[in-house]
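So you can see what is in the structure, the chains are spelled out below.
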Amino acid sequence: MVEYTRMKTLIVLTAIAGSGKSTWANDYASKHENVHIVSSDEIRIEVTGRYQDLDHEKEVWKRYWQYLVKYFDTDDDVTVIADSTAITNRKRLRFAPKIKNIDKKILVIIRKPLDVILKQNKMRRPDKIVPEKAIYYMVKHWQEPDWRCRRVFDEIIDVTMPTETAK
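Basis of the calculations
Residues numbered from 1 in each chain as written. Predicted model: local features only at pLDDT ≥ 70, side-chain atom pairs only at ≥ 80, totals over all residues. Heavy atoms only, no water. Helix = DSSP H or I, 4+ residues; strand = E, 2+ residues; numbered from the N terminus. Polar contact = N/O pair within 3.5 Å; in protein donor to acceptor, adjacent residues only side chain to side chain. Contact = heavy atoms within 4.5 Å. Salt bridge = Lys/Arg side-chain N within 4 Å of Asp/Glu carboxyl O. Buried < 20%, exposed > 50% of the residue type's maximum accessible area, 1.4 Å probe, protein only. Axes fitted to C-alpha atoms, helices over the stretch in contact; angles between N-to-C directions. Parallel < 35°, antiparallel > 145°, perpendicular 65-115°, else oblique. Left-handed = near helix turned anticlockwise from the far one by under 90°. Nonpolar A, V, L, I, M, F, W, Y, C, P; charged D, E, K, R; others polar.

### Structural notes on the side chain of Asp75
- Relative to the helices and strands, Asp75 is located in the loop between helix 3 (57–74) and strand 3 (78–83).
- There is a polar contact of 2.9 Å between the side chain of Asp75 and the backbone nitrogen of Asp77.
- For Asp75, the residues in contact, after removing those within four places along its chain, are Arg6, Lys8 and Asn34.

Here it is in structure tokens:
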């Protein structure tokens, strides 16, 4: 008989806004058991009622970390997906010291060409459109995972998202 190993897995998504992080997370969750997605956008809706309201970021991020910790504290066999842009190595590395007792840490890099991101961004619901200025800011400040990320994360997965949206 094969013995099943219970495991706590953290998946940190990193990508430019509009690249398909939430799409990837929802697809993953639909194919795996006991997966929780902690999305900064969804928490922003919870706190402010709007995706683009950045006036209460301190509360948004406080809840974000609370939810991440809660899922790991209440279940020994769980995967938690941290859905936020995390475009810099500093932001990716902040997960390691804040969340204890994780068996596996995975960094998933979501890639999509900028022209496709900009085109698809315009096709989003009006309340989910990311200001182009913010997208260009993220592109300018994007960092590839460095040696520190490679040391902290057990696995780094590079995903190229489809370049066309479903019609």
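### Observations regarding the pattern of salt bridges
- Applying the stated rule across the entire model yields 13 salt bridges.
- Between Arg44 and Glu57 there is a salt bridge, with the nearest N and O atoms lying 2.8 Å from each other. Of this pair, Arg44 sits in helix 2 (residues 40–48) while Glu57 sits in helix 3, and the two are 13 residues apart along the sequence.
- For Arg44, a relative accessible area of 6% corresponds to the buried category.
- Exposure remark for Glu57: the relative accessible area of 21% places this residue in the partly exposed category.
- Salt-bridge contacts for Arg111 lead to Asp158; the nearest nitrogen and oxygen are separated by 2.7 Å. Separated by 47 residues along the polypeptide, Arg111 in strand 4 (residues 104–111) and Asp158 in strand 5 (residues 155–160) bring together distant segments of the chain.
- Overall, the relative accessible area of 27% leaves Arg111 in the partly exposed class.
- Given a relative accessible area of 45%, Asp158 falls into the partly exposed group.
- Overlapping salt bridges bring together Asp41, Arg44 and Glu57 as one network.

### Some remarks on unusual backbone geometry
- Non-glycine residue Asn34 carries a positive phi angle of around 50°.
- A positive phi is found at Ala86, a non-glycine position, where the angle reads about 40°.
- You can call Ala86 buried: its relative accessible area is 2%.

### A closer look at the packing of helix 2 against helix 3
- At a minimum axis separation of 9 Å, helix 2 and helix 3 run at an interaxial angle of 120°. In terms of axis orientation, helix 2 runs oblique to helix 3. Remark: the crossing between helix 2 and helix 3 carries right-handed chirality. Each of Ser40, Ile43, Arg44, Glu46 and Val47 in helix 2 lies in contact with helix 3, whose residues at this interface are Glu57, Glu59, Val60, Trp61, Arg63, Tyr64 and Tyr67.
- Split into classes, the residues belonging to the contact of helix 2 with helix 3 amount to six nonpolar, one polar and five charged.

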